[in-house]
Amino acid sequence: MRMLVTGGAGFIGANFVHHAVKNYPAYEVCVLDALTYAGSRDSLAPVAEGVRFVHGDICDAELVDRLVAEADVVVHFAAESHVDNSLHDPEPFIRTNIIGTYTILEAVRHHDRRLHHISTDEVFGDLALDAVDRFTEQTPYDPSSPYSAAKASSDMLVRAWVRSFGVVATLSNCANNYGPYQHVEKFVPRQITNVLVGERPKLYGAGENVREWTHVDDHNEAVHLILAKGRAGETYLIGSGDERNNKEILELVLELMGQPTNAFDHVSDRPGHDLRYSNDSTKIRTELGWEPRYGDFRAGLAATIDWYRHNEWWWKPQKDATEAKYKLLGR
Ligand code: NAD
Ligand code: TDX
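Residue positions are given per chain, counting from 1 as you read along its sequence in written order. Ligands are numbered from 1 and chains lettered from A, in the order in which they are written. Local features in this predicted model are restricted to residues of pLDDT 70 or higher, and side-chain atom pairs are both shown and tallied only at a pLDDT of 80 or more, whereas totals for entire chains, interfaces and linings draw on every residue. Only hydrogens and water are set aside when side-chain values are computed; all heavy atoms of the structure are taken into account.

Things to note about the overall build of the protein chain
Next up, step 1: Helix and strand content of the protein chain: 11 helices and 13 strands.
Next up, step 2: The C-alpha atoms of the protein chain give 19 Å as radius of gyration, which agrees with the globular expectation for 331 residues (20 Å, within 12%).
Next up, step 3: The C-alpha extent of the protein chain, read off along each of the three principal axes, is 55 × 45 × 35 Å.
Next up, step 4: When accessible area is computed with a 1.4 Å probe and restricted to protein chains, residues below 20% of their type maximum are described as buried, those above 50% as exposed, and intermediate ones as partly exposed. A burial count over the protein chain gives 57% of its 331 residues as buried. Secondary structure elements are taken from DSSP: a helix is a run of H or I of four residues or more, a strand is a run of E of two residues or more, and numbering for both begins at the N terminus. The globule rule used for comparison is 2.2 Å times the number of residues to the exponent 0.38, while the radius of gyration itself is calculated over C-alpha atoms.

Below is the structure:
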């Protein structure tokens, strides 16, 4: 089985490739990645020998067409993924997330290839902090940021290509991921690496916003299950069920790193900041038998902290530039 993985040098994509090489040796993996600021060949170093790497853009129709023709299945992770960046400069989000997905769709249509499209819970907008309801596969889309609007658009394109052209595609919308190889711009690694370099962690607003934290390996195992057993045209919501607010997460990071739990700064809030995300993942659990293996968030977070502690070579080169960007945004 020949698998083309777009965005395979990013956080979730690289972990997906590691997971595939280790657990699914029948896959012959080719990664297509533009190596933006968020992608790194270093993330694929441990599996470099078993994986073909193509440095290129998913908006390059000729390249995408050729690589899709050489694959049996396409797993599409590539995206601009950071909400704060999308508020500063939306253009790359429109280009990569919408035009890029369109380019992939045209290639899988012409070559009649199976596609799995990776999306996010953010397409549904947000839920009230004091509510108990959750997103389901039927929840109407209501994105808040340029990032989530572009992801919502890409999902809509996939659904249209399924219905109008009979493209064989599945979609999944996962909750917030954590784990190794996540860029230091994102919440969890930013705080861990701030502590490691002697900077104070930064909490947006009061820190009451709630996310459903899911280990990246659990997300990727769900994707493998969908590839093996998912029904064409269907959407699957993925999430651990472990909801926590940002202040709790930050206090836990500080505690696990031996710091006083109040050793952080409150900074200005993100404009339009989504309050709460929560996925009802009953469908993938009952239909495909998915269960998260990282049930203990504290243990998963401790392992992630350990990874950043021991892999400074991977994140240190990105740290100063990332913090300089945040400084400009006042966060
Ligand atoms: P990331 O930013 O870490 O990685 C994105 C990768 O895509 C990078 O390697 C980058 O170089 C590549 N890329 C960007 N533009 C490209 C282009 N035009 N052509 C080719 N490659 C390009 O992102 P991530 O956190 O790994 O997210 C991967 C996917 O999962 C995204 O689609 C995102 O929307 C989705 N998702 C992420 C989360 C999360 O918590 N991180 C949760 C749910 C869904
Ligand atoms: O320094 C920070 N301080 C802070 O309080 C940062 C970077 C973030 N935050 C807050 C904002 C969010 O409420 O932490 C929460 C998590 O922030 P991010 O890591 O930026 O993630 P989020 O905006 O929730 O989006 C993530 O999950 C869904 C991914 O980045 C998306 O790609 C994915 O679709």
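Text resumes after the structure shown.
Some words on helix α2 (residues 61-69)
Next up, step 1: If you check which residues of α2 are buried, you get Leu 63, Val 64, Leu 67 and Val 68. The buried residues of α2 occupy an angular sector of 125 degrees when projected down its axis, which confines them to one face. Directions drawn from the helix axis to the C-beta atoms are what define this arc.

Looking at the site of ligand 1
Next up, step 1: Close to ligand 1 lie 28 residues, the nearest being Ile 12, Asp 33, Ser 81, Tyr 147 and Lys 151.
Next up, step 2: Two N or O atoms form a polar contact when they lie within 3.5 Å of each other; inside protein one atom must be a possible hydrogen donor and the other a possible acceptor, and for residues adjacent in sequence the pair counts only when both atoms belong to side chains. Between Asp 33 and ligand 1, the recorded distance is 2.6 Å, taken from a side-chain N or O atom to an oxygen atom.
Next up, step 3: The contact in question runs from an oxygen atom of ligand 1 to an N or O atom on the side chain of Tyr 147, over 2.6 Å.
Next up, step 4: For accessible areas, the Shrake-Rupley method is used with a probe of radius 1.4 Å. Any residue's cover is judged against the shown protein chains and nothing else. Notes on ligand 1: free accessible area 840 Å², of which the protein chains cover 96%.
Next up, step 5: Sorting the residues of the shell around ligand 1 by element identifies α1 (11-23), β5 (114-120) and α5 (146-165) as the ones contributing at least two each. Proximity is defined per residue: any heavy atom of the residue falling within 4 Å of a molecule or strand makes that residue near it.

Some words on the pairing of strand β2 (residues 28-33)
Next up, step 1: Burial analysis of β2 places five of its six residues in the buried class, which makes it a mostly covered element.
Next up, step 2: Two strands qualify as a pair provided DSSP detects at least 2 bridges between them. Pairing between strand β1 (residues 2-6) and β2: five bridges, direction parallel. In the strand pairing of β2, Leu 4 is matched with Cys 30.
Next up, step 3: Crossovers are described as right-handed under a simple rule: with the strands pointing away from the observer, the path leading from the first strand over the helix to the second runs clockwise. Considered for its hand, the β-α-β crossover made up of β1, α1 and β2 is right-handed.
Next up, step 4: Judged from the five bridges that link them, β2 and strand β3 (residues 51-55) form a sheet pairing that is parallel. Paired with Val 29 across the two strands is Val 51, which belongs to β3.

Any functional reading would require information beyond the geometric quantities listed.
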